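Notes for the structure review
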Amino acid sequence: MRAQHELLAPELDDAIHRVLKRSWFILGEELKAFEEAFAAYCGVKHCIGVASGTEALQLALLACDLGPGDEVITVAHTFVASALAIAATRATPVFVDIDPQTYTLDPKHLAGALSPRTRAILPVHLYGHCAEMDEILAFAAQHNLPVIEDAAQAHGASYKGRKAGSMGKLGCFSFYPTKNLGACGDAGAVVTNDPDLAAKLRRLRNYGESKRYRHEAMGYNSRLDEMQAAILRVKLPHLEEWNENRRQVAAGYLSLLEERFAPPRVRLECVHNFHLFVIQSDERDRLQEHLRAHQIESLMHYPIPCHLQPAFQNIAHRRGDLSVTERVAGRVLSLPMFPTLELDKVKYVSACVNSFAGKAR
């Protein structure tokens, strides 16, 4: 991130000073320009900037009239915000298992999760690989359910030529600083082709206001501010290059890592953005210690599935319900991945991973 900011320093400085000089910090020209540019990038008609990726999901659900007693089918192998956004509407997340190779929602479990209370499906394009959207969308259409894409990690990823976020009724993005397209603080957006939903979201993000001091709904204060929008405007034109650099880093790892570490598989119809590069090991914790001993930092995304989190203990899921999710959660480890990672470092990391003997305790 620091390297990116150093490369873009003159443009970022100009953008920040432009906002300061204008002294219009909320719902101004920078936001409008970024919304138009990001909508065009995603191949949709509307983009609504909001305060975070979590609130993008929450507001998208509310725009679809989700509320108490409703159920939303999603996955438990994701950052907890996916499930918290559902809970924030007072709806209930219903978790289904994942595909073991892509880590995304496995459509064959949708029918078993369907109930008279099901009101939406929320697939997560985890780690930057799109879910199996044709099957999900077909099932949703059969049951008249909106699909809300969690594309928080999937900026620029695609499925059969369609950008992440553009395939469902609504697509939700996070611009948290570590994302492929990151702001310098919390930020998010919802994209859609539906003009009515776009108008509804613009009201919801701004206190439910339809015009000055007229509030049509119980809205929220969830606006992407001008400073973050200006920063994102500078970065957006570089996103494709950064994603391609990530794919080159991934190609290096894939050519070097041994198969016993289950390196990622990318479906032929998908373009991965490699937000994260995730491997697996039955001795994940010891592997992480081994890498740390060689001055390599790694992370676990995500070691405790949502259905096993204390916050969701009242939801009707128990250990053993999601066998693939639970197995993956105990094995996944994210290796260093960023656009400026040099090949010699990829080789070093790969060699250190391959040297892990996995000896018994």
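Treat the numbers as computed from the prediction; the structure is a model and nothing was measured. (Residues numbered from 1 in each chain as written. Predicted model: local features only at pLDDT ≥ 70, side-chain atom pairs only at ≥ 80, totals over all residues. Heavy atoms only, no water.)

**Regarding the nonpolar core**
Spelled out, the test is: Only buried residues count toward a nonpolar core, which is a set of Ala, Val, Leu, Ile, Met, Phe, Trp, Tyr and Cys residues joined through side-chain atoms within 4.5 Å. Three labels apply to residues, based on accessible area from a 1.4 Å probe with only protein chains included: buried if under 20% of the type maximum, exposed if over 50%, partly exposed otherwise in between. Note on contacts: a residue pair is in contact if any heavy atoms of the two residues lie within 4.5 Å.
One finds Phe34, Phe38, Ile121 and Phe175 to be the most contacted residues of the largest nonpolar core, which totals 78 residues. Look past the residues within four positions of Ile121 in its chain and what remains in contact with it is Ile73, Leu105, Leu110, Ile136, Phe139, Ala140, Leu145, Pro146, Val147 and Ile148. Judged by nonpolar contacts, the second largest core, of 20 residues, contains Leu257, Leu287, Leu341 and Cys352.

**Quick notes on the pairing of strand 1 (residues 46-50)**
Our working definition: Strands here are runs of E lasting at least two residues and helices are runs of H or I lasting at least four, both read from the DSSP assignment and numbered beginning at the N terminus. Strand pairing is defined by DSSP finding a minimum of two bridges between the two strands.
With respect to burial, strand 1 is a largely interior element, five of its five residues being buried. In strand 1, alternate side chains face the same way, and those of His46, Ile48 and Val50 on one face and Cys47 and Gly49 on the other are all buried. Across five bridges, the pairing between strand 1 and strand 9 (residues 188-192) is antiparallel. Considered in strand 9, the bridge of Ile48 is made with Val190.

**So, empty space enclosed by the protein**
Empty pockets left among the atoms are what a rolling probe the size of a water molecule brings to light. To keep things clear, this is the line we draw: As defined here, a cavity is a set of points on a 1 Å grid over the protein atoms alone where a 1.4 Å probe fits but cannot get out. A pocket is an open set with protein on both sides within 12 Å along at least five of seven lines, and residues line them when an atom is within 4 Å of a point. Grid points are joined across faces, edges and corners, and a volume is the space filled by probe spheres set on the points. Ten residue types, Ala, Val, Leu, Ile, Met, Phe, Trp, Tyr, Cys and Pro, are classed as nonpolar, four, Asp, Glu, Lys and Arg, as charged, and the remainder, Gly among them, as polar.
According to the stated counting rule, one finds one cavity of 30 Å³ or more in the structure shown. In this structure, the largest cavity encloses a volume near 70 Å³. Surrounding the largest cavity, Gln101, Thr102, Tyr103, Leu126, Tyr127, His129, Pro264, Arg265, His272, Leu276 and Val278 form its lining. Its residues assigned to classes, the lining of the largest cavity shows six nonpolar, four polar and one charged.

**Some remarks on the pattern of salt bridges**
It is possible for side chains of opposite charge to pair when their charged atoms get near one another. Threshold: Salt bridge, as used here, is a side-chain nitrogen of Lys or Arg placed within 4 Å of a carboxyl oxygen of Asp or Glu.
Evaluation of the coordinates by the stated rule reveals 22 salt bridges. For Glu30, the salt bridge is made with Arg22, and the minimal N-O distance between the two is 3.3 Å. Glu30 gets classed as buried once you look at its relative accessible area, which sits at 1%. One salt bridge connects Glu244 with Arg247, and the closest N-O pair in it is separated by 3.2 Å. A residue pair is termed a helical-turn pair when its members lie 3 or 4 positions apart in one helix, as Glu244 and Arg247 do in helix 10 (residues 239-256) at three residues.

**A few points about the packing of aromatic side chains**
Here is the rule we go by: Only centres within 6.5 Å qualify two rings of Phe, Tyr or Trp (six-membered ring in Trp) as a pair; their planes then separate them into stacked at under 30 degrees, edge-to-face at over 60, and tilted for everything else. A ring has a charge above it when a Lys NZ or an Arg CZ is no more than 6 Å from the ring centre and no more than 35 degrees off the ring normal.
In this structure the tally under the stated criterion is ten aromatic pairs. Ring geometry for Phe34 versus Phe38: centroids 5.6 Å apart, planes at 20°, classification stacked. Highlighted residues: Phe34 and Phe38, both in helix 3 (residues 29-42), separated by four residues, approximately one helical turn. Residue Phe38 is classed as buried on the basis of its relative accessible area of 0%. Summarising the aromatic geometry, the rings of Tyr253 and Phe277 are spaced 4.7 Å apart at their centres and angled 35° between planes, so their arrangement reads as tilted. Here Tyr253 is found in helix 10, whereas its partner Phe277 is found in strand 13 (residues 277-280), with 24 residues between them in sequence. Taken individually, Tyr253 and Phe277 each receive the classification buried, so the pair is uniform in this respect. Feature note: the residues Phe34, Phe38, Tyr41, Phe173 and Phe175 constitute an aromatic cluster, connected by ring pairs. The residue whose ring lies beneath Lys163 is Tyr41, and the NZ or CZ to ring-centre distance is 3.9 Å.

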